[in-house]
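Per-entry structural report
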Amino acid sequence: MIEIAEAQRLIAETAVVLPPRRVRLEDAVGQQLRADIVADVDSPPWDRAMMDGFAVSAADFPAPSAQADDSTAAHEIVELDVAAERAAGDAAGLTVCPGRCVRIMTGAPVPPGADAIVPIERAIDGTAAAHAGSRVRLQDPRFRIGQHIARQGDSFRAGQTVLRAGVRLAAPQLGLAAEAGAGHVVCSVPPRVAIIATGSELVPVGVVPAYGQTRNSNGPMLAAAVNECGAEALPLGIAGDKPEPLRAAIAQGLAADMLLLSGGVSAGDYDLVPGALAAAGVECVFHKVRLKPGKPIWFGVFRRAAAAPTLVFGLPGNPVSSLVCFELFVRPALAIQAGQSAAAGQRPVFPAQLLAAVKGNAKRPVYHPCTLTQEPAGLTAEPLPWGGSADLLGLSRANGLMFLPAGCGELAVGETVTVLSFDSLSNQAE
Ligand code: AMP
Ligand code: MG
């Protein structure tokens, strides 16, 4: 039997980041970029109009210095010929020169000779609708050279690295990748996690358990926990405590990046999982951790040439034990496979003041379901009534697990405990 920290160290040592894959932008959301993205063009690729209005020559407008002191020149009315029109997508050769402007739409290239856009709202005397061949009267008291033009390369230049490997890809980063010409990105992939519930007593959720039967609650619970981590759960159903079905399910599960089994890892006559895993070629890294609940946990690795190893967890069958082991051991392993640090996969831990006395265990550290609450004076933790490793109802009322060190005896009201939080309380706790 090893300590929790030692088990976590061995897992971190064994887990390796999964090789990246090249995927379409829309399939990369939530993943970590694993290769820089370099722009293939300037952005904008040409000088772009940012308003609907008139592309003008600054020579027709008062110099900016004349406006600084708010002189009357700033309010001058400028009358120009509208020489042509340019909509987004038009690239016809047009030139602006003093006395002449081009009616232009947002997103169109700014014609040569133009060095500002005067917005349509600045057209006066009913000339806002002026099209090619007519005249427009413009009054723009805040006129500046370059106004409402996004210059070529203002945002980024061809050859510039716009996204560095390591960033998490959300919608804005993926939009930027598209702008820079990347239709695909090389990114981390969500680990695929096969899940097998073992036990001849187990029946699927839709079945009312007959005498001696137990519903498979671990299957959906573990699949949910896997999905919550951003990984992909592959539920493989129930395998009875018989060598052949177990062997077949394990063979299928070993094709995934991770295999979670629940049940069959304790010392009973029908706890066949460690033997079946060994027979399938899975190396045992550890079996049993000084922990309550969760002591029987088994961890191993299935190595094969030219592929990342499959990590294998034999989680205890009792549902709360299974979930506690998931929290402490599986989460960090998934984070590493997805290209993050082990710590990134761990739930946040906060110190909190005990609201009721609680007893630890003499030999093993305990994770006891509790409610963690932010009070004006700080965080408090209330131990919940809890019937032990099979009591999912007790766990379902908790928003955290309080850590009671081995041999701590009875902790009194007001003492400080550390709580592993299921919620992200980080903002409140700081
Ligand atoms: P085991 O670890 O196989 O000895 O199982 C310990 C306890 O957990 C037994 O009472 C099992 O019936 C129960 N158990 C095992 N697997 C599951 C499961 N998938 N869902 C709910 N309970 C389970
Ligand atoms: Mg069993």
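Now for a look at the structure at hand. (Residues numbered from 1 in each chain as written. Chains lettered and ligands numbered in written order. Predicted model: local features only at pLDDT ≥ 70, side-chain atom pairs only at ≥ 80, totals over all residues. Heavy atoms only, no water.)

So, the pattern of salt bridges
- Applying the stated criterion across every chain, the model contains 19 salt bridges.
- Notably, a salt bridge pairs R9 with E13, separated by 2.5 Å at the nearest N-O pair. One end of the pair, R9, and the other, E13, are both in helix α1 (residues 4-14), four residues apart, so they sit about a helical turn from each other.
- Overlapping salt bridges bring together E79, D81, D125, R135 and R137 as one network. (Salt bridge = Lys/Arg side-chain N within 4 Å of Asp/Glu carboxyl O. Helix = DSSP H or I, 4+ residues; strand = E, 2+ residues; numbered from the N terminus.)

Considerations on the nonpolar core
- By size, the foremost hydrophobic cluster in this structure holds 40 residues, and its most contacted members are M258, L260, L291, F313 and F329.
- For this core, the elements supplying multiple residues, two or more each, are α1, β12 (192-198), α4 (218-228), β16 (258-262), β18 (298-304), β19 (307-315) and α7 (319-337).
- A total of eleven residues in this core trace back to one element, the largest contributor, which is α7.
- The residues that make up this core include at least three from each of domain 1 (4-19 + 189-345) and domain 4 (349-421).
- Among the nonpolar cores identified, the runner-up in size contains 18 residues, and I196, A249, V282 and V312 belong to it. (Core = buried A, V, L, I, M, F, W, Y, C linked by side-chain atoms within 4.5 Å. Buried < 20%, exposed > 50% of the residue type's maximum accessible area, 1.4 Å probe, protein only. Domains from an automatic or database assignment.)

Looking at the site of ligand 1
- What surrounds ligand 1 is a group of 17 residues, the closest being E201, N216, S217, G264 and G317.
- Within the contact set of ligand 1, an oxygen atom lies 2.5 Å away from a side-chain nitrogen or oxygen of E201.
- In this structure, N318 approaches ligand 1 through a main-chain N or O atom, which is 3.2 Å from an oxygen atom.
- When the free accessible area of ligand 1 is taken as 480 Å², the share hidden by the protein chains comes to 77%.
- Elements with a contribution of two residues or more to the shell around ligand 1: β12 and β14 (214-215).
- In terms of residue class, the shell around ligand 1 is built from three nonpolar, eleven polar and three charged. (Near = heavy atom within 4 Å. Polar contact = N/O pair within 3.5 Å; in protein donor to acceptor, adjacent residues only side chain to side chain. Areas by Shrake-Rupley, 256 points an atom, 1.4 Å probe, with all protein chains shown as cover. Nonpolar A, V, L, I, M, F, W, Y, C, P; charged D, E, K, R; others polar.)

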